[in-house]
Amino acid sequence: MYRIFLGLLFVAELGLYLVTPDEPGLYSWKPQFIPFIVALPFLFVKSVRKPFNRFVYSYALISFAFLALDYLAGGHAGLVQISVLFIPFGLYLLFRFGLWNFKRLREKDSRTALLLSTVAWGAMALAFPPLPLGPAALLLLAPWFIAMNRYSRSSAIFATFWSGMVYNGINYYWIFNVMNVETAPSAIIFLGVVLLVAFFSFYSVVAAFVYTLVKDIRIKGYRIFWILYPVFYAGLEMTRTRGDFAFPWSHLGYVFGNYLELLQALSIIGIFGYTTLIVASNMLVANALDKPGLKAKWPFALPALILIALLVHGKITLSAPEATPFYGSDGEHTPQIAMVQPCIQQGEKWSKERYDRIIDKTLGMVRDSVKDGTDLIILAETAIPDHIRRQPATIVRLHNVASRMNASILVGALDFKRIKEPGAVRRYEVYNASFLFSPNDGSFPQRYIKKHLVPFSERIPFDDIFPILNYVDLGEGDFVPGKETPVYGPFLWTPFICYDAIFGDLVREAIRAGSRFMVNITNDGWFGRSTAPYQHLNLVRYRTIENGMPAARLANSGVSVFIDQYGHMELNTPIFEDAVIQRKMQLKTRDTLYQHIGDYLETVLLWFFAIYLVAAIGCRLRFSPTRE
């Protein structure tokens, strides 16, 4: 019966492939339902239902092979073929996943592990700024490690996934607010948030799986893999900062953001050093709880010792004269900077009928509130809510304002370039960009294009590798990333748009190019009154301390703020209020260790992650838990 199934399915797929219509991109062709119709009757054959897995996986493999062949040979793909492959197979996997979870729920150990893990990760989610539990993060995850120490791998993975859903749900709940924006496709956003939360929970599952592999491995009597696990965890977080899926938002080390003294070691060990400390502390506390005797309880002091060490280092660092808030900002050659927060509601921002009112309000705030003698006026991401080339009158107005006030103006807007090559998938390249208008200069403004695009919001990942993805429309911005890191004069500064400023490698790249100051323009209005604007601010603040790089951060709806090279903040604006803030701003004078070693260290972490993972699996196969 299995051979008959394979033969019929193969013949059906091959026949369809040979007569596939020659249509570009994603096409719809109803005959591609035939393989599914051929496979469906086998569900009712008794002899098939028993080895059902083999039939399902064979169906998926053959269907995927012909889908790939169609794409590789013809450069196109059938929507019907994609549907009859991924929808039935996805539902089957969900069914199997549900059965697996039901089995775990019937086990007492799994229920206990779930309770411990949920307490741990739920509390950890409340440790990120602006929430208050940051220092407690050094022991909040101990219940999770206890669960992994005491119970089976399947129980630990079950508990980790669902507690990860809780943790990531609390961290990313604010993405649901995007559905309140009238231009957003609500159903797709809802599904996307659920998938995003599940995707990041998978990272926790990988961490749990590896921990249960290595916790009992002893090589010559030593738990080498267990000792090095905190570094592996930091490497796992590092994987979230690379590639088209990059989303480095909630690394464990970000929990200390409410306490400036505790952050000063960032200049030495960076964000991933903090993650390593947190994981190591929780592992040792959990291990101590499982060991009898007072001598084994010394790790209980470790969280306090780490906090004291960070606090003492921070106090000493901040006691230096040059570490006083905004030291040297009143110098003769330091720039006067103004930031305009107009608080345009996101639902109104892209309305053609409201365009003139939005521009009038923003430039009116510049006219009425920005002081004379300003060197740089900063307007928010997409402060011009259109493609700038489609608004020549606005370009003229900005040139006039820059010349009248004798100040440069940085403004966010969209831009595009027409693609003239025949056969190109895109007719236009669209950019999320910023433009610098200089006084008494009527030429087209200097442009910076956002380099890191938010996956699925601003771009479908891998659309440059698989051009057919450019035909997919999920309501994303469909932007093209930039490649250049400009340094503008006269005081040597670099713009970063939104998401860009949370990537340390981009900040260090700007410093190597000679930049002494970063300007971060963003629009967090998408996320409503939530923790998101404060989380985003916290990430930017970490980058300033790591690299000794002062920053001016302007958000359309707040929080807008000036940050010095030690992380002091001033003139923080409330969210969803109109505001103009202005001050003279210091330039970079601080050289940090992490500024120089960060790129190397983060590359080493990626390699360490890969080598550790392979070695852990190999050693687990080589050494039994009790064998030395």
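What this report covers is the structure whose coordinates are included nearby. Everything numeric here is computed off the predicted structure, so don't read it as measured data.

Now for unusual backbone geometry. Cis geometry marks the peptide bond from P129 to P130, where omega comes out at 10°. The backbone of F326 shows a phi angle near 55°, a positive value even though the residue is not glycine. With respect to the secondary-structure elements, F326 resides in the loop between α14 (302–318) and β3 (336–341).

Applying the stated criterion to the full structure yields 0 disulfides. With no disulfide partner, C343 has as its closest neighbouring cysteine sulfur the one in C498, 16 Å distant.

Another point: a nonpolar patch on the surface. Together, F10, V11, L14, L18 and V19 line one region of the surface with nonpolar side chains, adding up to about 480 Å² of accessible area. Its place among the elements puts V19 in the loop between α1 (2–18) and β1 (25–27).

Within the element layout of this structure, R529 appears in the loop between β10 (518–522) and α19 (532–547). A residue is classified by how much of its surface remains accessible, and R529, at 63% relative accessible area, is exposed. With 44 residues separating them along the chain, R529 and T573 place their C-alpha atoms 14 Å apart. Beyond its immediate sequence surroundings of up to four residues, R529 is in contact with I575 and F576.

By the element assignment, S267 lies in helix α13 (residues 266–289). A residue is classified by how much of its surface remains accessible, and S267, at 7% relative accessible area, is buried. The residues touching S267, leaving out its near neighbours within four places in the chain, are I545, E546, R590, T592, L593 and Y594.

What follows concerns the environment of I563. Of note, I563 is situated in strand β12 (residues 561–563). For the pair formed by I563 and L537, sequence separation is 26 residues and the distance between their alpha carbons is 9.9 Å. Beyond its immediate sequence surroundings of up to four residues, I563 is in contact with F326, L537, V540, R541, T544, P550, A551, H568, M569 and M585.

Now for α1. For α1, which comprises 17 residues, the first-to-last C-alpha distance of 24 Å matches the rise-based estimate of 24 Å (1.5 Å per residue) to within 8%. Within α1 the residues assigned to the buried category are F5, L9, A12, E13 and L16. All buried residues of α1 lie within an arc of 90° about the axis, which places them on one face of the element. Exposed and facing more than 90 degrees away from the buried side of α1 are R3, V11 and L18. Of the surrounding elements, those touching the buried residues of α1 are α2 (34–39), α4 (52–74) and α5 (79–105).

Turning our eyes to something else, we now look at helix α18 (residues 504–512). Here α18 lies mainly inside the structure; 7 of its 9 residues are buried. Taken as a whole, α18 has its buried residues at G504, D505, L506, V507, R508, A510 and I511. At its buried positions, α18 is contacted by β9 (494–497), β10, α19 and α20 (593–622). Just past α18, the residue G514 takes up positive phi, approximately 105°.

Should their charged atoms come close, side chains of opposite charge can pair. Here the structure, examined in full by the defined rule, presents 18 salt bridges. E509 is the salt-bridge partner of K451, the closest N and O atoms lying 3.1 Å from each other. Taken together, the residues K451 in the loop between β8 (446–449) and β9 and E509 in helix α18 connect sequence positions 58 residues apart. Look at K451 and you get buried, because its relative accessible area is 15%. Residue R583 is joined to E570 by a salt bridge in which the shortest nitrogen-to-oxygen separation is 2.2 Å. With R583 in strand β14 (residues 579–584) and E570 in strand β13 (residues 569–570), the pair connects residues that are 13 residues apart, well separated along the chain. The exposure class of E570 is partly exposed, given its relative accessible area of 29%. Several salt bridges share partner residues, and in doing so they unite R242, D505, R508, R512, D599 and E602 into one network.

Let us now look at the packing of aromatic side chains. If you walk through the whole model with that rule in mind, you get 45 aromatic pairs. Seen in terms of ring centroids, F97 and W100 are 6.3 Å apart; in terms of plane orientation they differ by 20°. Their pairing is stacked. Pair noted here: F97 and W100 are both in helix α5, with a separation of 3 residues, about one helical turn. By relative accessible area, F97 is classed as partly exposed at 32%. Aromatic pair F128 and Y167: ring centres 6.2 Å apart, planes at 50°, arrangement tilted. Residue F128 is located in the loop between α6 (108–125) and α7 (137–140), and its partner Y167 is located in helix α9 (residues 153–172); the two are separated by 39 residues in the primary sequence. According to the relative accessible area criterion, Y167 is buried, its value standing at 4%. In this arrangement the basic side chain of R223 is found over the ring face of W226, its NZ or CZ atom lying 4.4 Å from the centre. Sitting over the ring of F200, R240 keeps its end group 4.3 Å from the ring centre.

Criteria and thresholds
- Residues numbered from 1 in each chain as written.
- Predicted model: local features only at pLDDT ≥ 70, side-chain atom pairs only at ≥ 80, totals over all residues.
- Heavy atoms only, no water.
- Helix = DSSP H or I, 4+ residues; strand = E, 2+ residues; numbered from the N terminus.
- Disulfide = S-S within 2.5 Å.
- Patch = residues over 30% accessible without salt bridge, like charges linked within 9 Å, V, L, I, M, F, W, Y side chains within 5 Å.
- Areas by Shrake-Rupley, 256 points an atom, 1.4 Å probe, with all protein chains shown as cover.
- Salt bridge = Lys/Arg side-chain N within 4 Å of Asp/Glu carboxyl O.
- Buried < 20%, exposed > 50% of the residue type's maximum accessible area, 1.4 Å probe, protein only.
- Contact = heavy atoms within 4.5 Å.
- Expected span 1.5 Å × (residues − 1).
- Arc of directions from axis to C-beta.
- Phe/Tyr/Trp six-rings, centres within 6.5 Å; stacked < 30°, edge-to-face > 60°.
- Lys NZ or Arg CZ within 6 Å of the ring centre and 35° of its normal.

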